[in-house]
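# Structure at a glance
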Amino acid sequence: MRIYLIGYMGSGKSSIGKKLASRMGYAFLDLDTRIEEEHNQSVSDIFADKGERAFRDLERKALHQTISTDQVVVSTGGGTPVYFDNMKWMNKHGLCVYLKAGPEVLSNRLKHNQQLRPLIASLNEEELMEFIVDQLEQRSPFYEQASLHLEAKDLTPAVLEQEIRAWLDTHSKA
Ligand code: S3P
């Protein structure tokens, strides 16, 4: 089973994903890290040098490469589900889990490490909040296509694993 963790920047996909993978004995793959390693450039530098459109192409390519691993937890980028047919593709090839969080939680988490994220690097606190609210409105219809929706705040790797196993049990009997 491939597990795709989706959700907005700051929803905790990478940190909880790593722990989930180790609990389940699965491989862990972070799409952004994969792109950075393959192209020897940070996500911010790719945005600056080649533009967002080029980044989205690389992101789709990295996503499609996840097909080669079966037992894997993939932490996607906040924008991954929104571009091309990525959401449909992930639903077809694995289980999508939406780590859901509201604008307050997200902005509190993101304001401490905006520099790593080109879309929000230059925003002040007020602009950041507005940006998150706007983008969540645009992106939620994509995120909500995930099979499992879980509140990201206070979510532990153990509960995440439990919810995934329960979902898999129910759906393998269907
Ligand atoms: C993006 C989210 C980032 C990264 C890029 C664009 C987005 O990933 O892919 O900066 O469009 O939301 P994280 O969600 O891991 O921060």
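Per-chain numbering applies: the sequence of each chain, read as written, is numbered from 1 onward. Restriction of local features to residues with pLDDT of at least 70 applies here, the model being predicted, together with a cutoff of 80 or more for giving and counting side-chain atom pairs; totals for whole chains, interfaces and linings are based on all residues. Excluding hydrogens and water, the side-chain values take into account all heavy atoms of the structure.

A count of helical and extended segments in the chain gives eight helices and five strands. Going from the N terminus to the C terminus, the chain shows its helices and strands as β-α-β-α-α-α-β-α-β-α-α-β-α. A compact globule built from 174 residues should have a C-alpha radius of gyration of about 16 Å, and the chain, at 16 Å, falls within 12% of that. Summarising its shape, the C-alpha atoms of the chain cover approximately 50 × 35 × 25 Å along the three principal directions. When each of the 174 residues of the chain is scored for burial, the buried share is 44%. The protein chains shown are the only cover counted for residues, whose accessible areas, like all others here, come from Shrake-Rupley with a 1.4 Å probe. Accessible area of the chain: about 8,900 Å², with a carbon and sulfur share of 48%. Charged-residue counts in this description rest on Lys and Arg as positive and Asp and Glu as negative, His and the chain ends being excluded. In plain terms, the charge of a residue is placed at NZ if it is Lys, CZ if Arg, CG if Asp and CD if Glu. For the chain, the centre of its 21 positive side-chain charges and the centre of its 25 negative side-chain charges are spaced 6 Å apart. For the purposes of this entry, the term helix denotes a DSSP run of H or I that reaches at least four residues, the term strand denotes a run of E that reaches at least two, and both are numbered from the N terminus. Both definitions apply: the radius of gyration is a C-alpha atom measure, and the globule rule equals 2.2 Å times residues to the power 0.38. Residue burial is assigned from relative accessible area. The probe radius is 1.4 Å, only protein chains are included, and a residue is buried under 20% of its type maximum, exposed over 50%, and partly exposed in between.

So, about unusual backbone geometry. Even without a glycine there, the phi angle at Phe84 is positive, about 50 degrees. Note that Phe84 resides in the loop between β3 (72-75) and α5 (86-93). Positive phi, close to 65 degrees, is recorded for Asp154, a residue that is not glycine. Within the secondary structure, Asp154 is located in the loop between β5 (148-151) and α8 (157-173).

Turning to the sheet that holds β3, a few remarks are in order. Judged by pairing direction, the sheet is parallel, and its five strands sit side by side in the order β2-β3-β1-β4-β5 without closing on themselves. A strand with exactly one partner marks an edge of an open sheet, and here the two such strands are β2 (27-30) and β5. Direction aside, neighbouring strands of the sheet carry axes that sit 20 degrees apart on average. Paired strands are those between which DSSP finds at least two bridges. Alignment of strand β1 (residues 2-6) against strand β4 (residues 95-100), held across four bridges, turns out to be parallel. Bridge pairing links Ile3 to Leu95 in β4. Note on definitions: angles span 0 to 180 degrees between N-to-C directions of axes, and those axes are lines fitted to C-alpha atoms, for helices only across the stretch in contact.

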